[in-house]
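Here is how the chains run, residue by residue.
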Amino acid sequence: MIKLNFQTQTLQKLRHLINPQKGNSYDFLEYTLNLETGTVSDKLSNNSVGNINERRTQILAVLLSHYSLANPTPPSGKLVKFKDIPGGYTYEGAFNQRAIQPIVEVFGENPEDLPEAAKLLDGLRLNLGEISVKVTALKGIPLTYILWTADEFPASASILYDESASNYLPTEDLAVLGELTTSRLIEAKQFLRTK
């Protein structure tokens, strides 16, 4: 378990935003956040610290702090590419390299592993592209992953956000959340291999 350095008011805002169904904890991407203490644990790890290194700790702390300031709105149902989120074109190259390309590299040759990994993160299989899944990264922010395997062309992937995502996080944070979700899908695949 790792303690994220939150102010008390941040935890209160998160509790109000998330409205947890089971006590004072919130599960997301196979992490469990204690909304009283600000500690987070990794359910994909076989030990107490797991994949929560210092960089990941900082990422989680910043994302959740910014998320606590969200203006929740119902999903629009309209899926958009990252570049179509206001200001997304600025981070598009890095987003493609850090969030999309790893999906192609890890799941491109074994596409059926993607729905299995997503299921571990409470994701759902969809019927878009060749293989697709929806993973709710944080409450109100579903990410849709679409994968096309190599045939006549090299394997490719896309990540789509609901148009309402920018009501929850700034664009740069949405890029980081995409990268984090991709990392968690890859870690879920590795976790499934060890079982």
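Everything below is about the structure printed above this text.
Analysis parameters
Residues numbered from 1 in each chain as written. Predicted model: local features only at pLDDT ≥ 70, side-chain atom pairs only at ≥ 80, totals over all residues. Heavy atoms only, no water. Axes fitted to C-alpha atoms, helices over the stretch in contact; angles between N-to-C directions. Helix = DSSP H or I, 4+ residues; strand = E, 2+ residues; numbered from the N terminus. Parallel < 35°, antiparallel > 145°, perpendicular 65-115°, else oblique. Left-handed = near helix turned anticlockwise from the far one by under 90°. Contact = heavy atoms within 4.5 Å. Buried < 20%, exposed > 50% of the residue type's maximum accessible area, 1.4 Å probe, protein only. Pairing = 2+ DSSP bridges.

Engineer: Help me understand the packing of helix 2 (residues 54-67) against helix 5 (residues 171-194), please; the structure alone is not making it clear to me.
Structural biologist: With their axes 11 Å apart at the nearest point, helix 2 and helix 5 run at an angle of 130° to one another. When the axes of helix 2 and helix 5 are compared, the pair comes out oblique. The crossing of helix 2 and helix 5 is left-handed. Taken together, the residues of helix 5 that come into contact with helix 2 (itself represented by R55, R56, I59, L60, V62, L63 and H66) are D173, V176, L177, E179, L180, S183, R184 and E187.

Engineer: What's the story with unusual backbone geometry in this structure? I'm lost.
Structural biologist: Leave glycine aside and you will find that most residues have negative phi; peptide bonds, for their part, are mostly trans. Despite not being glycine, L29 shows a phi value in the positive range, around 50°. The topology assignment puts L29 in the loop between strand 2 (25-28) and strand 3 (31-34). On the basis of relative accessibility, which here comes to 2%, the residue L29 falls in the buried class. A positive phi is found at E30, a non-glycine position, where the angle reads about 65°. With respect to the element layout, E30 can be found in the loop between strand 2 and strand 3. Judged by relative accessible area, E30 falls into the buried class, the value being 14%.

Engineer: Got a minute to help me understand the sheet that holds strand 8 (residues 141-148) in this structure?
Structural biologist: Within a sheet, adjacent strands bond to each other through the backbone by hydrogen bonds, running parallel or antiparallel. On the basis of which strands lie adjacent, the open sheet formed by 5 strands has the order 5-9-8-7-6 and antiparallel pairing. The sheet is open, and its two edges are formed by strand 5 (79-81) and strand 6 (124-126), each paired on a single side. Between one strand axis and the next, the sheet turns by 35° as a mean value, whatever way the strands run. Taken together, the 6 bridges between strand 8 and strand 9 (residues 156-162) define a ladder with antiparallel strand orientation. Bridging from a neighbouring strand, Y145 pairs with I159 of strand 9. Helix 3 (residues 88-107) rests against strand 8 and strand 9 of the sheet, and its axis sits at about 130° to strand 9.

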